[in-house]
Each structure stands twice: as structure tokens, then as C-alpha cells.
Amino acid sequence: MSVNAQEVKSNEEYLAETPANKVAFEPTSSHWFIQALGGINVPFYTHWKDGAVVKAQRDAAFGDKFSWSAGIAVGQWHSPYFGTRLAIDYNNIKAFGAAKPIELRAINPHFDFLFDITNYFAPYDANRVFHVVPYVGLGYFGSNLMGDDQKMSDENFKAIFTDKQVKGTKDQFFGEIDHAVSANLGIDFNINFTPRVALTIAPQATFVPGFGHGDIITGVRGGLTFNVGDVEFNGVQPMDWDLVNGLQSQINDLRSQNAELSKRPVRCPECPEVQPVVAQNYENVVYFRIDSSKIDKNQEINLYNTAEYVKANNTPITVTGYADVQTGTSDYNMQLSEKRARNVADKLINEYGVPSELITIDYKGSDVQPYDINAWNRVVIMKSK
């Protein structure tokens, strides 16, 4: 028989010391958020290199180039540091020509991938105030000209739009909708007022290679982000697989020894009859993950040993469930400890053949803590009466 000991940190200590990118988080689909943003934009045109538009755009006062934009988005955080969202932006864009500024209206739906740098490199903290979230996305960009520009004379139209890509008459040109693919880049700076509401400041750039042969629209927007689903992720301390594999190797060695012993004669005529000694006190445990009543595979050996003992000695046992005091409320932990105890009892009866009349179920919740180390109290103790 061998005994192994290991120093174990509580789950809370583990999460507080470990960067989030090295922590396993329980999968979830309920961390949704909604954003509403508005701000300003300014375009940088790279087309019509020798035409009037680029020159007028370059010579215009910087303040005159600004216009407005707005957008809404719905997204989901798949982990504390990776998320996706679908956003729809509306942009009012100014361009300058020989006669007067030209206004364009553009709709830009895009799908983004978000990466929370703060949560990735720092230990996970659901109450962290400041987050830096770069994103990259792809989308559709559709635009057309608007306003009184359609009333300009044919001469002004020809003076402004000298690019060879412009085809057709003035009326055809103003009525046409430009279609393009967009690449969306930016950074969301989120300042959390509460876990559910954050102020978002977002500098961004939209590159539209098919619109004007390579235009870039930059801007800054601000608004609010609302977390409408769960606001916390549950991190779990991973199993020490080196320890588990070591114990499994010991179990395999013991099984090999038992197989060798089984080859020996059942009894030795020269040896006096030995009366079996029945142990009076028996105790074994089944450990659980945080907030879970599912029995892990590596705990099955303890159930097997307990079942063999009970059947061999016809000894009644008590199966008592517990929960750790640092997680959940007292009422919730009482229900969780009951589930753990009943799952262990059901498995002993249904899979390992222990008579149900030999098992008594009990549960203590987190009101009783059998061990000094908090994580060890996520346990069911199987003990002979």
C-alpha cells in the first residue's frame, strides 16, 4: 500500500494568480452584449490620382472633412478574452470636388473578431474596470451619392469626376449604388461602470478596396456596451494529470500482482487455516469538480473498492455529500451536496451491485467542512457504520 500527498491550492487562489490564457473556463453560450455607438469620421481618398477630387480633398480644411457615423452591434464572449459580434454602421461621408463638397451615405454591416488583451494576459477578474479590446472584421460596404449634388451641372460633374472608371451620364452615376468588401479594424476601450454597463470609446478604420479604388475611412466613436447575459466566467483548476497517471500506474501494478497471486493454490494443506479478519472501520472518498455533481472517471476506482468491501463483508455504509464553503450559497450547496451523494449511491447500486439496503444517504452542504483545504470539501465520504 502506498500513500501520496500533495499541496493543493484553492480554486480562488489558482484563478487569482494564473493568467486567464492558461486557465480552463467552463464552456458557455450566454455571455451576450449589445453596443450602441456614434461619432465622427474622415475619409482619405487614394483614387483619381491626377483628378480634381484628390486635389480638392487635400486642400480642404481638415475640420471641414469631418462627418458623422453611428452603429449598433450584437455580440457574444466565448471566453473571457475571445468574442465575436455582428455590427451595422451607417456613415455620412464627405468628398470634395471642384464645385462643392459631395456627400455620400454608406451602410456597412460587418462581422468582427474581438480579443480582450487585458483579460488574456492578466488573471481573470470579473470586476475589472478597464479593458482594451482590439478587433478585426470583414463586411459589405454599399454607398451612393445624396443631397443637392445631383443638381450640379454636367460641366461640374465632368470637372470633378475625371477618373476613367466613371461611366455613363451624370444621372446614371448618382443613381448607382457602389458595392464593395470592407476590412474593419479598431480598438474598443471599455470602462465598466458596473459589470453590466460599460462606456466604450472606439477609434477605428474601414478599408474599402473596391470603393474608389482604395479609400480608407477613419473615425472615433463612443457609446455604451450592455452585457445582457451572464457577466462572469467559471474558471476551473485543471487536474494534476501527472499525479493521476502516477496513481493509475500504481493501480495497474497492483492488478498485475493480484493476477500473479491468483495463480497460486487456493489453500495450502501444510498451512493452518487462517480466519479472515474483517475491518471494522472503512472510509473512502469521491472528489468532484467545482459546482459539479458528475463523477469523474478517475474517481471510479474508489467506488469499485468501496463496492467490493461492502459486498464482501455485508457491511452497511453511509454516503455523505459535502460542498466547499467558498463557492455558492448555503441553500445551493445543500442541494449540490445531496446530488453528489445520490449520484454516488446510484452508481454503487446500479453499476457495482451494492444492495440498496446497505446504503444510507446523507448530505451536509457547506455547513460542515470535513477538511481544512477548501477544494477537498467538494467530496462524498463513504464510511462504514
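Structure's up top.
For the structure given in this document, a descriptive report is provided here. Quick caveat, the model's predicted, so the values are computed rather than measured.

**What about the overall build of the protein?**
Phase 1: Helices and strands together make up the secondary structure of the protein, namely 8 helices and 14 strands.
Phase 2: Counting every position in the protein, which comprises 385 residues, the buried fraction comes to 42%.
Phase 3: Put simply, the protein shows about 21,600 Å² of open surface, and 57% of that area lies on carbon and sulfur atoms.

**Quick notes on the packing of helix H7 (residues 300-313) against helix H8 (residues 330-350)**
Phase 1: Put simply, H7 and H8 touch, their axes get as near as 10 Å, and they point 60° apart. Looking at the two axes, H7 sits oblique to H8. Of the two possible hands of crossing, H7 and H8 adopt the one that is right-handed. Where H7 approaches H8, its residues Glu300, Leu303 and Ala307 are matched on the opposing element by Val344, Lys347 and Leu348.

**Some thoughts on the side chain of Ser292**
Phase 1: You can see Ser292 is positioned in the loop between strand E11 (283-287) and H7.
Phase 2: The buried category is assigned to Ser292, whose relative accessible area is 18%.
Phase 3: The contacts of Ser292, once residues within four sequence positions are left out, are Leu336 and Arg340.

**A short note on the pairing of strand E8 (residues 197-208)**
If a strand is regular, its side chains alternate between the two faces of the sheet.
Phase 1: Side chains of E8 alternate between two faces, with Ala198, Thr200, Ala202, Gln204, Thr206 and Val208 buried and Val197, Leu199, Ile201, Pro203, Ala205 and Phe207 left unburied.
Phase 2: Bridging between strand E7 (residues 178-192) and E8 involves 8 bridges; their strand directions are antiparallel. Paired with Ile191 across the bridge in E8 is Leu199.
Phase 3: Connecting the antiparallel pair E7 and E8 is a turn made up of 4 residues.

**Quick word on the pattern of salt bridges**
Phase 1: Using the criterion set out here, one finds 11 salt bridges in the structure.
Phase 2: For the salt bridge of Asp188 with Arg85, the shortest nitrogen-to-oxygen distance reads 2.8 Å. You can see Asp188 sitting in strand E7 and its partner Arg85 sitting in strand E4 (residues 82-95), a full 103 residues away along the chain. The pair formed by Asp188 and Arg85 is uniform in burial state, with each residue classed as buried.
Phase 3: Across the salt bridge formed by Arg342 and Glu338, the nearest N and O atoms sit 3.0 Å from each other. Of the two residues, Arg342 and Glu338 both sit in helix H8, 4 residues apart, roughly one turn of that helix.
Phase 4: The exposure class assigned to Arg342 is partly exposed, which follows from its relative accessible area of 38%.

Conventions adopted
- Residues numbered from 1 in each chain as written.
- Predicted model: local features only at pLDDT ≥ 70, side-chain atom pairs only at ≥ 80, totals over all residues.
- Heavy atoms only, no water.
- Helix = DSSP H or I, 4+ residues; strand = E, 2+ residues; numbered from the N terminus.
- Buried < 20%, exposed > 50% of the residue type's maximum accessible area, 1.4 Å probe, protein only.
- Areas by Shrake-Rupley, 256 points an atom, 1.4 Å probe, with all protein chains shown as cover.
- Axes fitted to C-alpha atoms, helices over the stretch in contact; angles between N-to-C directions.
- Parallel < 35°, antiparallel > 145°, perpendicular 65-115°, else oblique.
- Left-handed = near helix turned anticlockwise from the far one by under 90°.
- Contact = heavy atoms within 4.5 Å.
- Pairing = 2+ DSSP bridges.
- Salt bridge = Lys/Arg side-chain N within 4 Å of Asp/Glu carboxyl O.

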